[in-house]
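# Per-entry structural report
Spelled out from the first residue to the last, the chains are:
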Protein chains: 2
Amino acid sequence: MDATKVDVPEELDENFKKFLTSKGLRVTNQRLAIFSAAFTCENHFTAEDLLDSARKLDDSVSRATVYRALPLLTQSGLIREVDVGKDYKYYAANKDAKTFQAQVICEDCDTIFEIDAPFMEWYGKTVAEKLGLTTVGQRLQVITKCHKSGSCKNIAAK
Amino acid sequence: MDATKVDVPEELDENFKKFLTSKGLRVTNQRLAIFSAAFTCENHFTAEDLLDSARKLDDSVSRATVYRALPLLTQSGLIREVDVGKDYKYYAANKDAKTFQAQVICEDCDTIFEIDAPFMEWYGKTVAEKLGLTTVGQRLQVITKCHKSGSCKNIAAK
DNA sequence: CTCGATGCAAAATTTTTGCAGTCCC
DNA sequence: GGGACTGCAAAAATTTTGCATCGAG
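Residues numbered from 1 in each chain as written. Chains lettered and ligands numbered in written order. Predicted model: local features only at pLDDT ≥ 70, side-chain atom pairs only at ≥ 80, totals over all residues. Heavy atoms only, no water.

### Observations concerning the pairing of strand E5 (residues 111–116) of chain A
Residue and element names in this part refer to chain A. The pairing of strand E4 (residues 101–106) with E5 spans six bridges and is antiparallel. Following the sheet pairing, Val 104 is matched in E5 by Phe 113. With antiparallel pairing between neighbouring strands as the criterion, E4 and E5 make up a hairpin whose turn holds four residues, including Asp 110 at a positive phi of roughly 60 degrees. (Pairing = 2+ DSSP bridges. Helix = DSSP H or I, 4+ residues; strand = E, 2+ residues; numbered from the N terminus.)

### A few points about the domain arrangement of chain A
Residue and element names in this part refer to chain A. According to the domain assignment, chain A contains domain 1 (3–91) and domain 2 (96–157). Counting residues at the interface gives seven residues for domain 1, matched by seven residues for domain 2. Summing the contributions of domain 1 and of domain 2, the shared interface buries around 650 Å²; its carbon and sulfur component is 52%. By the criterion of area lost to domain 2, the three top residues of domain 1 are His 44, Asp 83 and Val 84, representing 55% of everything that side buries. Counting across the interface, domain 1 meets domain 2 through two salt bridges. One salt bridge connects Glu 114 with Arg 80, and the closest N-O pair in it is separated by 3.3 Å. Here domain 1 and domain 2 share four residue pairs in polar contact (both at pLDDT 80 or more) between them. (Domains from an automatic or database assignment. Contact = heavy atoms within 4.5 Å. Buried area = accessible area lost by both parts, 1.4 Å probe. Salt bridge = Lys/Arg side-chain N within 4 Å of Asp/Glu carboxyl O. Polar contact = N/O pair within 3.5 Å; in protein donor to acceptor, adjacent residues only side chain to side chain.)

### Section: the protein's contact with DNA strand D
Around DNA strand D, the structure places 20 residues, and the nearest of them are Arg 26 and Tyr 67 of chain A together with Ser 60, Ser 62 and Thr 65 of chain B. Here the atoms of DNA strand D within 4 Å of the protein split so that 67% fall in sugar or phosphate, with bases taking the remainder. A distance of 2.6 Å separates a phosphate oxygen of DNA strand D from a polar side-chain atom of Ser 62 of chain B. Counting only elements with at least two residues in the surface near DNA strand D, the list comes to helix H4 (63–75) of chain A together with helix H2 (29–40) and helix H4 (63–75) of chain B. The element best represented in the surface near DNA strand D is H4 of chain A, accounting for four residues. (Near = heavy atom within 4 Å.)

### Observations regarding the packing of aromatic side chains
For the structure on display, the rule yields 12 aromatic pairs over all chains. Ring geometry for Phe 16 of chain A against Phe 35 of chain A: centres 4.6 Å apart, planes inclined by 10 degrees, an arrangement best described as stacked. Of the two residues, Phe 16 of chain A sits in helix H1 (residues 10–22) while Phe 35 of chain A sits in helix H2 (residues 29–40), which places them 19 residues apart along the sequence. Judged by relative accessible area, which is 2%, Phe 16 of chain A ranks as buried. With 6.3 Å between their ring centres and 70 degrees between their planes, Trp 122 of chain B and Tyr 123 of chain B make a pair best called edge-to-face. Given the relative accessible area of 9%, Tyr 123 of chain B is considered buried. A network of ring pairs unites the aromatic residues Phe 16, Phe 35 and Phe 39 of chain A as a single cluster. (Phe/Tyr/Trp six-rings, centres within 6.5 Å; stacked < 30°, edge-to-face > 60°. Buried < 20%, exposed > 50% of the residue type's maximum accessible area, 1.4 Å probe, protein only.)

### Remarks on a nonpolar patch on the surface
On the surface, a nonpolar cluster with roughly 320 Å² of combined accessible area is contributed by Phe 119 and Trp 122 of chain A together with Phe 119 of chain B. Inspection of the secondary structure puts Phe 119 of chain A in helix H5 (residues 119–131). (Patch = residues over 30% accessible without salt bridge, like charges linked within 9 Å, V, L, I, M, F, W, Y side chains within 5 Å. Areas by Shrake-Rupley, 256 points an atom, 1.4 Å probe, with all protein chains shown as cover.)

### Side note on H4 of chain B
Residues and elements named next belong to chain B. Helix length check: H4 (13 residues) gives 19 Å between terminal C-alpha atoms against 18 Å at 1.5 Å per residue, within 8%. Ala 69 marks the point of greatest bend in H4, at about 25 degrees, and the proline Pro 71 comes within the next four residues. Buried residues of H4: Val 66, Ala 69, Leu 70, Leu 72 and Leu 73, and no others. Positive backbone phi, approximately 80 degrees, marks Gly 77, located one or two places after H4. (Expected span 1.5 Å × (residues − 1). Bend = angle between axes of the 7 residues up to and from the residue.)

### Quick look at the protein's contact with DNA strand C
Surrounding DNA strand C, one finds 21 residues, the nearest of these being Thr 28, Ser 60, Ser 62 and Thr 65 of chain A together with Tyr 67 of chain B. By atom count, sugar and phosphate contribute 72% of the portion of DNA strand C lying within 4 Å of the protein. At 2.2 Å from a phosphate oxygen of DNA strand C is found a side-chain nitrogen or oxygen belonging to Thr 65 of chain A. Between Lys 89 of chain B and DNA strand C, the recorded distance is 3.2 Å, taken from a backbone N or O atom to a phosphate oxygen. The set of elements that each furnish at least two residues to the surface near DNA strand C consists of H2 and H4 of chain A together with H4 of chain B.

Written out as structure tokens, the structure reads:
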């Protein structure tokens, strides 16, 4: 689709730089590489995936820096953490979707589908309000099996 | 409420033994201690909590045995895993509640509330069906903060 | 220049596993 | 008595951290 190394929209790149400077943090090559890598990853990715991708842009990026950058990226709202109950965490770029997303997680082939579930916003707030608590986040996940039938790959390709 | 070490209903104890023998597994003192401990834990517990409790009943119980027993306990349906997005897993005895449960998780004081959410059964099955996948589990969680106001403890005591 | 950021390797955390000895059936 | 089970300690796997050095502002 393009021949350049980085196909992250200029605008997002600027947003990230603004975020860093507004927090008094420095704009480093490593942070930019990690950020770009996060946005070139197709779907969901792990810290290790991100390290691999970022190193393709800047091979000086270390694992520690990736782990130190991830909280910054989530705090900036540019990526979000997607905990699917595995031993390691997944992340995804916040490309679009401002409504609440549920995940359908296929155990057989490690596929994660994001599904719009706007009514959940209401559900969580209602439940928490009844208990007198402040809602800070919600998670709605359906765990499935495709029995390696390949149906997940088909749907994902759709 | 009682003076004996173990206050697990005789009936449940028998269920666990039956489960073990039906699978061709052996009934050992360690497994019984772990099982009893799981049912004497008030709310949700971690593997480490379970180890501590089990050791009060039988101090020969080792960490490895707890970790090896947990899959058996969940497979038997007597306890269930409750993944709340922390680095370690929580478990809870399946004392009652046959309907789907959602969790309200207070980040400030590590409290987990179980809430009946029967309609979720329908939601998950519908979504997965549309994708042609088989549902094997669901997770609905609301993450909250009580700002250490003590409201969680009050609700829990209710 | 200065102090935040980085890479490296060691540490921390939770869970798993290999092995020699134990004890249930 | 045989083989499943156990405890121990080492290993795995992911994430965090200390420290000397580097480099952005």
